[in-house]
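What follows is each chain in one-letter form.
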Amino acid sequence: MDRSAEFRRWKAQCLSKADLSRKGSVDEDVVELVQLLNGREEFFTTSSCAGRVILLDGGINGFKVQKQNCCWLLVTHKPCVKDDVIVALKKANGDATLKFEPFVLHVQCRQLQDAQILHSVAIDSGFRNSGITVGKRGKTMLAVRSTHGLEVPLSHKGKLMVTEEYIDFLLEIANQKMEENKKRIERFYNCLQHALENEAVTNSYPREKIKEQKKSSYSPKKKRNPETAHGRCVTEENDKELENDDDDDPGVSVIIFPEDY
């Protein structure tokens, strides 16, 4: 089967399936982003979460949290208040852990070049743990992720191990992370629109003209201006903010699966 035809078949199958997430629908803060991607012929989303604060009650065999084997005491995609956490903690019998999980998005792309556009946008928007995987059957997946999560144990064997004042402090941090997470989602959406518009202009411009311009427009290399760099959407303020976000340069991570995917 032709690659493009196979991709269209995968997309139709995926988008026709029922949403099996706990919520059963796309989170409000990423609806427009998901619609933008699914409206393009070269992308479709396979899963997403706008970011959330959750309180999990795990077993009593240590603090390693495995969500599939624990009780969800509280989950919210909005800023969280202490009273809600205190009430939820009363239901805990094991090791309760408070977590903030930032935005995550998985997108299947028609080809590697399409995934690289999204990857660049994700990095520029602050999601510096993003990466690309290529399966043996040719499926190209982009995962949009960041590293500003939070995970703190609060109780052990049902006994609260911290003060309410400390819980209040943790929620202040979690809610700040939630706000920053929302800003990054908005930045990602705006940068994605900008990148797709640039790509459309590039594809519609005669290649002969592009070659002529490249030959006649050589000049010594200058320092990149973050506001005008091709394919970028980073203001000077955001550029400094993202430089301080992670110490390591993420580059482009492409993983080839060894088995059928």
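Before going into details, it helps to say that this report is about the structure given with it. Position numbers for residues count from 1 along each chain, tracking the sequence in the order it is written. Restriction of local features to residues with pLDDT of at least 70 applies here, the model being predicted, together with a cutoff of 80 or more for giving and counting side-chain atom pairs; totals for whole chains, interfaces and linings are based on all residues. Water and hydrogen atoms play no part in the side-chain values, which are based on all heavy atoms of the structure.

Time to look at the side chain of Asn 175. Numbered from the N terminus, helices here are DSSP runs of H or I no shorter than four residues, and strands are runs of E no shorter than two. By secondary structure assignment, the location of Asn 175 is in helix 5 (residues 164-204). Nitrogen and oxygen atoms within 3.5 Å of one another constitute a polar contact, given that in protein one can donate a hydrogen and the other can accept it, and given that sequence-neighbouring residues count only through two side-chain atoms. Here Cys 80 takes part through its backbone nitrogen, which lies 2.8 Å from a polar atom of the side chain of Asn 175. Any two residues whose heavy atoms approach within 4.5 Å at even a single point are treated as in contact. Excluding anything up to four places from it in sequence, Asn 175 contacts Pro 79 and Cys 80.

Here we take up the nonpolar core. By size, the foremost hydrophobic cluster in this structure holds 28 residues, and its most contacted members are Phe 188 and Leu 192. Contributing elements (two or more residues each) for this core: helix 2 (31-38), strand 5 (104-109), helix 4 (112-124), strand 6 (131-134), strand 7 (140-144) and helix 5. For this core, the element with the highest residue contribution is helix 5, accounting for seven residues. To qualify as a nonpolar core, a set must consist of buried Ala, Val, Leu, Ile, Met, Phe, Trp, Tyr and Cys residues joined through side-chain atoms within 4.5 Å. When accessible area is computed with a 1.4 Å probe and restricted to protein chains, residues below 20% of their type maximum are described as buried, those above 50% as exposed, and intermediate ones as partly exposed. Core analysis: the second largest hydrophobic core is formed by 22 residues, Val 85, Leu 89, Leu 170 and Met 178 among them.

In an α-helix there are 3.6 residues to a turn, and that puts residues three or four apart on one side. Taking 1.5 Å of rise per residue, the 13 residues of helix 4 would be expected to cover 18 Å, and the 18 Å separating its terminal C-alpha atoms lies within 8% of that figure. Where helix 4 is concerned, the buried positions are Asp 114, Ala 115, Ile 117, Leu 118, His 119, Val 121, Ala 122, Ile 123 and Asp 124. Looking at the residues trailing helix 4, positive phi occurs at Gly 126, about 105 degrees. Given a helix with a known number of residues, its expected span is that number minus one, times 1.5 Å.

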